[in-house]
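Close look at the chain arrangement
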Amino acid sequence: MQRLRTPAHRRSTSLSALRLLLPSALRGVVAATLLVVNTLVWCLALFPFALIKLAVPVKAVRVRVDRILNAIATSWVACNSAWMRLTQQAEWDVDGTALLARRGWYLVNCNHQSWVDILVLQHLLNRRIPLLKFFLKQQLIYVPVIGLAWWALDFPFMRRHSAAYLSTHPEKRFEDLEATRRACGKFARTPTSVMNFTEGTRFTRAKHRAQRSPYRHLLKPRAGAMALSLSVLGEKFDALLDVTIVYPDGTPTFWQFLCGDMRHVMVRVRRRVIPPALLTGDYAGDPKFRKTFQAWLEGIWRDKDKEIDALLAHGTGR
């Protein structure tokens, strides 16, 4: 077992001069500036290759361009980790990253509490597994600069419709599933980590009460995107990486994270074998298969809920 207990992987008895001298709000401004500059620089490097990908719809060309695009995105994440080391002072308690392979295909599942989760995952998994490809809300494609980058990197954009809307537009019910199918088909060209926040939204106590969730620390899992990812890429996936993130001192906002106010984060990565029977079924059209898949995912969710209980008991009592 490998466990890391360090601020950004390097424990030191003294903080860097920047963290020591700058007040919290000023650290936040510095971190936000570094994030924006880093994003702009790497997006400028990415856009010419994105245009080539758009203009030349030839598979051999796109495979090579995809590798370049993924390398650029990986460098962006690495530079984010650099400014995090400069501005953050959190204690990282991490277990389960030792035996991962950068050339594999992974389905990655994680609980979701804050935008900070994304930076935590990228920081810990970058260059340990292929670049994480997140399921994103359709509206995010319009985010200036980075929306185009997400498109070029084949991030799947999902339309989330309300139950009331679907009752009057039933033809839209499988729209997200088809978007997932198209995106996963592209992922087959090069090693990829398909990232899914299975709850579908960030956890809050209000959402937890509204759902009447049977779990103490989690919302109910949504299985559709994961099931379709497995049906399209199932035989390529080496494993399911089940990630659990816990903030023992309370979930930080993105601004609190930038300010260096996150004191402690605990992360557990569990490699799970994907049952072969779940790789080929029809989740949308086969009720029996859907029930089997949901039971498997709910079992994972029960284990995760218990693990969060244990981590919180350990983390808050340190």
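See the structure above.
Scope of this entry: the structure provided in the associated data block.

Cut-offs used in this document
Residues numbered from 1 in each chain as written. Predicted model: local features only at pLDDT ≥ 70, side-chain atom pairs only at ≥ 80, totals over all residues. Heavy atoms only, no water. Buried < 20%, exposed > 50% of the residue type's maximum accessible area, 1.4 Å probe, protein only. Helix = DSSP H or I, 4+ residues; strand = E, 2+ residues; numbered from the N terminus. Pairing = 2+ DSSP bridges. Phe/Tyr/Trp six-rings, centres within 6.5 Å; stacked < 30°, edge-to-face > 60°. Lys NZ or Arg CZ within 6 Å of the ring centre and 35° of its normal. Contact = heavy atoms within 4.5 Å.

1. Describing the pairing of strand β3 (residues 106-110)
In terms of burial, β3 is largely enclosed, as five of its five residues are buried. Side chains of β3 alternate between two faces, with Tyr-106, Val-108 and Cys-110 and Leu-107 and Asn-109 buried alike. The pairing of β3 with strand β8 (residues 239-246) spans five bridges and is classified as parallel. Looking at β8, one finds that Cys-110 is bridged to Val-243.

2. Describing the environment of Gly-200
Summarising the element assignment, Gly-200 is placed in the loop between β7 (193-197) and α8 (205-211). By relative accessible area, Gly-200 is classed as buried at 16%. C-alpha of Gly-200 to C-alpha of Arg-222: the two residues are 22 residues apart in sequence and 6.6 Å apart in space.

3. Digging into the packing of aromatic side chains
On inspection of all chains with the given rule, the structure shows five aromatic pairs. Geometrically, the ring pair formed by Tyr-283 and Phe-293 is edge-to-face, given 5.7 Å between the ring centres and 75° between the ring planes. With Tyr-283 in the loop between β9 (264-272) and α11 (287-316) and Phe-293 in helix α11, the pair connects residues that are ten residues apart, well separated along the chain. Of the two residues, Tyr-283 and Phe-293, neither departs from the other in class, the shared state being buried. Residue Phe-293 is classed as buried on the basis of its relative accessible area, which comes to 0%. Each member of the aromatic cluster is reached from another via a ring pair, and the members are Tyr-283, Phe-289, Phe-293 and Trp-296. Just above the ring of Trp-105 sits the side chain of Lys-236; from NZ or CZ to the centre is 4.4 Å.

4. Digging into the side chain of Asn-80
Looking at the secondary structure, you find Asn-80 in helix α3 (residues 59-87). Excluding residues that lie within four positions of it along the chain, Asn-80 makes contacts with Leu-35, Asn-38 and Leu-119.

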